[in-house]
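These are the residues of each chain, in order.
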Amino acid sequence: MAYIEVQQATRQFKNGEQVTVANRDISFEVDQGAVVVILGPSGAGKSTLLNILGGMDSPTSGRVLVDGVDIAQFNSRQLTTYRRQAVGFVFQFYNLVPNLTARENVELASQITKDARDVDETLALVGLTHRADNFPAQLSGGEQQRVAIARAVAKNPKLLLCDEPTGALDYQTGKQVLQVIQDAAKQTQTTVIIVTHNSAIAQLGDQVIRINDAQVQSVEHNAHPTPLA
Ligand code: ADP
Ligand code: ADP
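Looking at an unreviewed UniProt entry, the chain carries the name ABC transporter ATP-binding protein, with the source organism given as Lactiplantibacillus argentoratensis. The annotation that UniProt attaches to the chain under Sequence similarities (unreviewed entry) is "Belongs to the ABC transporter superfamily."

Shown next, in the form of structure tokens:
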């Protein structure tokens, strides 16, 4: 059985008379431990889909099975528990707490989870042991994003959701950050979903889902994912 099964998920937004269909009949499956790249232009519906997978929003219709449980049926309390326990988030702009060190940022996340990972092991996993006592402002963009990845992974999530994780970084730094995400995912058997408009990132996914105009355009499986050149 697939780890994630999205079945004809539709999300529409109503604004008075105006109806916007942000996701239309979205269906795909993801295996446990896979790195999935969701690719599409601005306005395609990627954030809407990511919000649904992360428990920040629910579809208007359809099913979203995660580990066999339909999160589309969750009430807001169940969604909050799901977000806290099951999902790690990595954003474009890191979202670290500025007056906490790298280690303290990671500790904060691990405290909200029952079976959190060891904080120092998680910092080592992203190559930041030597920066553990630095504050975010003392770190480069790439290092801050590594802290954010460590913070997300420390929760020991089932699912790691990354929203344009390299959007604020130069090419070389972005490449390294993607490698950290990929390595951390493989070592911890975490299923990763990376949302991006950057088609260069597609080649490192085990699976690439192209979204356009609210719909799935194609789903490709990549037998030999490769790091960026
Ligand atoms: P992407 O992340 O690919 O840029 P989005 O999921 O943000 O795309 O948006 C898809 C479409 O849904 C857009 O037309 C957007 O304006 C619309 N949309 C997204 N969120 C809302 C909302 N809360 N209310 C109304 N329309 C929305
Ligand atoms: P808390 O208020 O205790 O942080 P939340 O339910 O608001 O609890 O957040 C739980 C998790 O979901 C956190 O890891 C947070 O980063 C993430 N989260 C909450 N809201 C959003 C959002 N709008 N977009 C992305 N991630 C979010």
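Strand order in this open sheet of four strands is β2-β1-β4-β5, and the pairing throughout is antiparallel. The sheet is open, and its two borders are formed by β2 (18–30) and β5 (69–70), each paired with just one other strand. Two strands pair when backbone bridges link them, and strand β1 (residues 4–15) and β2 are joined in this way by nine bridges, in the antiparallel orientation. Within β2, the position partnered with Val6 by the bridge is Phe28.

As a further point, take helix α6 (residues 171–188). For α6, which comprises 18 residues, the first-to-last C-alpha distance of 26 Å matches the rise-based estimate of 26 Å (1.5 Å per residue) to within 8%. For α6, the full list of buried residues reads Thr173, Gly174, Val177, Leu178, Val180, Ile181, Gln182, Ala184, Ala185 and Thr188. Buried residues along α6 sit against β3 (35–39), α4 (119–125), α5 (141–154), β7 (159–163) and β8 (191–196). With a side-chain oxygen lying 3.2 Å from the backbone nitrogen of Gln172, the N-terminal cap of α6 falls on Asp170. The positive-phi residue at the C-terminal boundary of α6 is Gln189, with phi of around 55 degrees.

Cut-offs and rules
- Residues numbered from 1 in each chain as written.
- Chains lettered and ligands numbered in written order.
- Predicted model: local features only at pLDDT ≥ 70, side-chain atom pairs only at ≥ 80, totals over all residues.
- Heavy atoms only, no water.
- UniProt positions renumbered as here; feature names shortened; annotations may be inferred.
- Pairing = 2+ DSSP bridges.
- Helix = DSSP H or I, 4+ residues; strand = E, 2+ residues; numbered from the N terminus.
- Expected span 1.5 Å × (residues − 1).
- Buried < 20%, exposed > 50% of the residue type's maximum accessible area, 1.4 Å probe, protein only.
- Contact = heavy atoms within 4.5 Å.
- Polar contact = N/O pair within 3.5 Å; in protein donor to acceptor, adjacent residues only side chain to side chain.

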